[in-house]
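Coordinate inspection notes
Below, each chain spelled out in residue letters.
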Amino acid sequence: MANEVWFRPLVWIDYRLAVLFTVIIPLILLIWAFVQKAEAIQRLLIIYWRVSSLLAISVYLMIGGFGVSFISGPMARILIPISLWFWVDLNDEIEYTLSGILKLIFTSWRWAVSVYCALGALATLPFLGCAFSANAFATPYCRVWAEAPLLFKDYFHPNSKPGFLGFLGIVGLIIYVVCLSYFVLIKLGKQGRSATQQ
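Every residue gets a number counted from 1 within its own chain, in the order that chain's sequence is written. Local features in this predicted model are restricted to residues whose pLDDT is 70 or higher, and side-chain atom pairs enter the listing and the counts only when it is 80 or higher, whereas totals over whole chains, interfaces and linings include all residues. As a rule here, side-chain values cover all heavy atoms of the structure and leave hydrogens and water aside.

1. Quick word on the confidence of the model for the protein
Put simply, the rule reads: A score between 0 and 100, pLDDT records how confident the predictor is in each residue. Working definition: helices are DSSP H or I runs of at least four residues, strands are E runs of at least two. Numbering for both runs from the N terminus.
A residue-level look at the protein finds 96% of positions with pLDDT of 70 or above and a mean pLDDT of 92. Averaged pLDDT values over the elements of the protein bottom out at 88 in helix α6 (residues 134-137) and peak at 97 in helix α3 (residues 69-85).

Structure representation (structure tokens):
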């Protein structure tokens, strides 16, 4: 039935772009930054990986059939650009003390992933209704978004049940929300927009 959904190819393109922009490229950049000892880029990418883990959590929630994945996914796309541009000290260090091809590629990726996430967040707004109704989640209109996560499950968790993976997603989401709340409510007031201040 999902084949009847006209935007199905676009959903798959989105997942492929997500793997490229949010997994492969930042992983290469992180390794490169460690090799080049570019500490500002290292710190920013470590922050990025912490924030973007919400995307992975959303995949597991989608595998488990939890509608909250239609909220956590767009939230991740909103938080990722914020995490990449929020830190004044890291932005200044990257801008004024670094040079070379690593800086150019990192800056290009930072802009590209920010635009991708912003457009992706807007594109998923019409699907927020899938989060609030089990009946809606079961329709091809919503289920098409679960196809790629279920394929991921078949490749990497062939012997695990979707319900168990969904449970891991719920646990991950709870931990994520607790850590984010601690940062926003307590740590942000102490260190402001400085990533290096303790």
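2. Focus: unusual backbone geometry
A negative phi angle characterises most non-glycine residues, just as the trans form characterises most peptide bonds. Put simply, the rule reads: Only protein chains enter the area calculation, which uses a 1.4 Å probe; residues under 20% of their type maximum are buried, those over 50% are exposed, and those in between are partly exposed.
With a phi angle near 55°, Lys 37 is a residue other than glycine that sits in the positive phi range. Mapped onto the elements of the fold, Lys 37 is located in the loop between α1 (8-36) and α2 (39-63). Look at Lys 37 and you get exposed, because its relative accessible area is 66%.

3. Describing the pattern of salt bridges
Using the following cut-off: The working definition used for a salt bridge is a side-chain nitrogen of Lys or Arg within 4 Å of a carboxyl oxygen of Asp or Glu.
A full pass over the atoms with the stated rule returns two salt bridges. When the shortest N-O distance is used, the salt bridge between Arg 8 and Glu 147 registers 2.8 Å. Taken together, the positions of Arg 8 in helix α1 and Glu 147 in helix α8 (residues 147-156) put the pair 139 residues apart, joining distant regions of the chain. When its relative accessible area of 17% is taken as the criterion, Glu 147 is described as buried. Its salt-bridge partner being Asp 14, residue Arg 77 comes within 2.7 Å of it at the nearest N-O pair. One end of the pair, Arg 77, is in helix α3; the other, Asp 14, is in helix α1, and 63 residues separate them in sequence. As far as the burial class goes, Arg 77 and Asp 14 line up, both buried.

4. Overview of the state of the cysteines
Inclusion rule: Sulfur atoms of two cysteines make up a disulfide when they are within 2.5 Å.
All chains considered together, the criterion is met by one disulfide. Two residues, Cys 130 and Cys 142, share a disulfide whose sulfurs are 1.9 Å apart. Torsion about the S-S bond of the Cys 130 and Cys 142 cystine: about -80°, corresponding to left-handed handedness. Residue Cys 130 is found in the loop between α5 (101-124) and α6, and its partner Cys 142 is found in helix α7 (residues 140-143); the two are separated by 12 residues along the sequence.

5. Focus: helix α4 (residues 88-97)
This is how it is decided: Arc, as used here, means the arc of the directions from the helix axis to the C-beta atoms. Contact definition: two residues touch when any of their heavy atoms are within 4.5 Å.
Restricting attention to buried positions, one finds in α4 the residues Leu 90, Asn 91 and Ile 94. Looking straight down α4, one finds its buried side chains confined to an arc of 100°; they lie on one side. Exposed residues on α4 whose side chains face more than 90 degrees from its buried face are Tyr 96 and Thr 97. In this structure, the buried residues of α4 make contact with α2, α3 and α5.

6. Here's the deal with the nonpolar core
Threshold: We call a set of buried Ala, Val, Leu, Ile, Met, Phe, Trp, Tyr and Cys residues a nonpolar core when their side-chain atoms join them within 4.5 Å.
Formed by 32 residues in total, the largest nonpolar core has its most connected members in Ile 41, Phe 106 and Trp 109. Counting residues per element, the ones that place at least two in this core are α1, α2, α3, α4, α5 and α9 (162-191). Not counting chain neighbours up to four residues away, the residues in contact with Ile 41 comprise Ala 33, Ile 94, Leu 98, Leu 102 and Phe 106. With 16 residues, the next largest nonpolar core counts Phe 70, Cys 130, Ala 131 and Ala 148 among its residues.

7. What about α9?
Test applied: Each helix should span, by expectation, one fewer than its residue count multiplied by 1.5 Å. Two axes are fitted around each residue, one to the seven residues ending there and one to the seven starting there, and the angle between them is reported as the bend at that residue.
In this model α9 runs 40 Å from its N-terminal to its C-terminal C-alpha over 30 residues, within 8% of the 44 Å that 1.5 Å per residue would give. At Phe 183, α9 shows its largest bend, some 40°. All of the buried residues in α9 are Leu 165, Gly 166, Gly 169, Gly 172, Leu 173, Tyr 176 and Gln 191. Close packing links the buried residues of α9 with α2, α3 and α8. Remark: Gly 192 follows α9 within two positions and exhibits a positive phi of approximately 60°.

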